[in-house]
Amino acid sequence: MPHRKNARTNRWLGALLVGATALIAGCNSRDYPQTSLTPRSDYAMAVQKLLEQQVMWVTIIFIVVLGLLLVAVFRFRSRPGAPDPTPVHGNTALEIAWTIAPAIILALVAVPTVMTIFKTQGPPPPGALTVKVVGHQWWWEFQYPEQGFVTGSEMHVPVHRPILVQLESADVIHSFWFPAMGGKRDVVPAHTNTMWFTPDTLGEFPGQCAELCGLSHANMHMKLFVETPEQFDAWVAHQKTGPVEPDSTTLAGQGKKIFLESACVSCHTINGLSQGVIGPNLTHFGSRTSIAGSMFTNTPDNLGHWIQAPDKEKPGTLMLNLGLAQDQILALEAYLESLK
């Protein structure tokens, strides 16, 4: 019987080991691009270092406490024929120790935390680029006040330059968060919050509203493009140009006419053409990589589905189903995609 019991125990331990190995092997940052464990800015790195320090202290404390517990369990365990333990009433050294120990632990947690707060919450370094971010249900608007233009869902910044983000909301409470940059921050109506970070790595980084803000909260995405100063300057110069003017005899020209005659014109801005502010600015819509609040890749097919049935693609969206015929949708697609 003992042999069978040991064999069964070994099988359970083996299965547990295999399962734990498989679970750990499945963890990697490649499949989780929104991880906050691969910092790409000074802000995110400061938070990461704080996290690593806290994990180290917590691990040490756990090992010490568990070790003392195991020593007590084995050293003072009951033995056959052993007398009852002698009761102890008061131990000054022990009482001083368990009073000082929590104070030391609190200091190990509090001091680096407060230092990190002061380091990341102060004013930005000189020369910071200001970007005003407005949260809408369910998309992000990015205003570049010093450059004088507005875009939507995709934020471009130069690498190694401090970025001052001013956060406002057009409706409800949102939360601005690019995990790789660190610094999740609430976006509150009638109030401006600020944060800053300095990106240190080129690339494209996904972001997400981190505050439950309504039916399509989970679909409120955004993208951050960290570029070289030359690439950023070229992007800024392009954003400051006017919209493409299509030939009126082309499909895109027909799409422009449909845009001006439909409700699109009352919700969207195209510089020099319309002044709607409910939806994203479309002046350079065709140059973006995504649509519908970075929910879909910017392709003609996806755009067609979005125009045809926005409420089905993104529940709760304010984007109207205009009931356009298929040929009108194709023309509108051609016009919007021409707005490079």
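Owing to the predicted nature of the structure, the values given are computational and were not obtained by experimental measurement.

## Notes on the sheet that holds strand β5 (residues 163-169)
Argument step 1. Within the open sheet, the 5 strands sit side by side as β3-β2-β1-β5-β8. Their pairing is mixed. The open sheet has two free edges, formed respectively by β3 (149-152) and β8 (193-197), since each of these has just one partner strand. The sheet shows a mean angle of 25° between the axes of neighbouring strands, taken without regard to direction.
Argument step 2. Pairing geometry for strand β2 (residues 139-144) and β3, over 4 bridges, is antiparallel.

## As for the pairing of β5
Argument step 1. For β5, the tally of buried residues reaches 5 of 7 residues, placing the bulk of the element in the interior.
Argument step 2. Note that strand β1 (residues 129-136) and β5 share 7 bridges and pair parallel. The residue of β5 that forms the bridge with V133 is L167.
Argument step 3. Note that β5 and β8 share 5 bridges and pair antiparallel. Across the sheet, the residue bridging to L164 is W196, located in β8.

## Some words on the packing of aromatic side chains
Argument step 1. In the structure shown here, the tally under the stated rule is 7 aromatic pairs.
Argument step 2. Judged by centre distance (5.8 Å) and plane angle (80°), the ring pair of W140 and F176 falls under edge-to-face. Taken together, the residues span a long stretch of sequence, with W140 in strand β2 and F176 in strand β6 (residues 174-176) at a distance of 36 residues. Each member of the pair, W140 together with F176, is buried.
Argument step 3. Pairing F176 with F178 gives two aromatic rings, centres 5.4 Å apart and planes at 90°, and the pair type is edge-to-face. F178 carries the same exposure label as F176, and that label is buried.
Argument step 4. An aromatic cluster is built from Y144, F149, F232 and W235, whose rings are joined through pairwise contacts.
Argument step 5. Directly above the aromatic system of W177 lies the positively charged group of K184, at a separation of 4.6 Å from the ring centroid.

Thresholds applied
- Residues numbered from 1 in each chain as written.
- Predicted model: local features only at pLDDT ≥ 70, side-chain atom pairs only at ≥ 80, totals over all residues.
- Heavy atoms only, no water.
- Pairing = 2+ DSSP bridges.
- Helix = DSSP H or I, 4+ residues; strand = E, 2+ residues; numbered from the N terminus.
- Axes fitted to C-alpha atoms, helices over the stretch in contact; angles between N-to-C directions.
- Buried < 20%, exposed > 50% of the residue type's maximum accessible area, 1.4 Å probe, protein only.
- Phe/Tyr/Trp six-rings, centres within 6.5 Å; stacked < 30°, edge-to-face > 60°.
- Lys NZ or Arg CZ within 6 Å of the ring centre and 35° of its normal.

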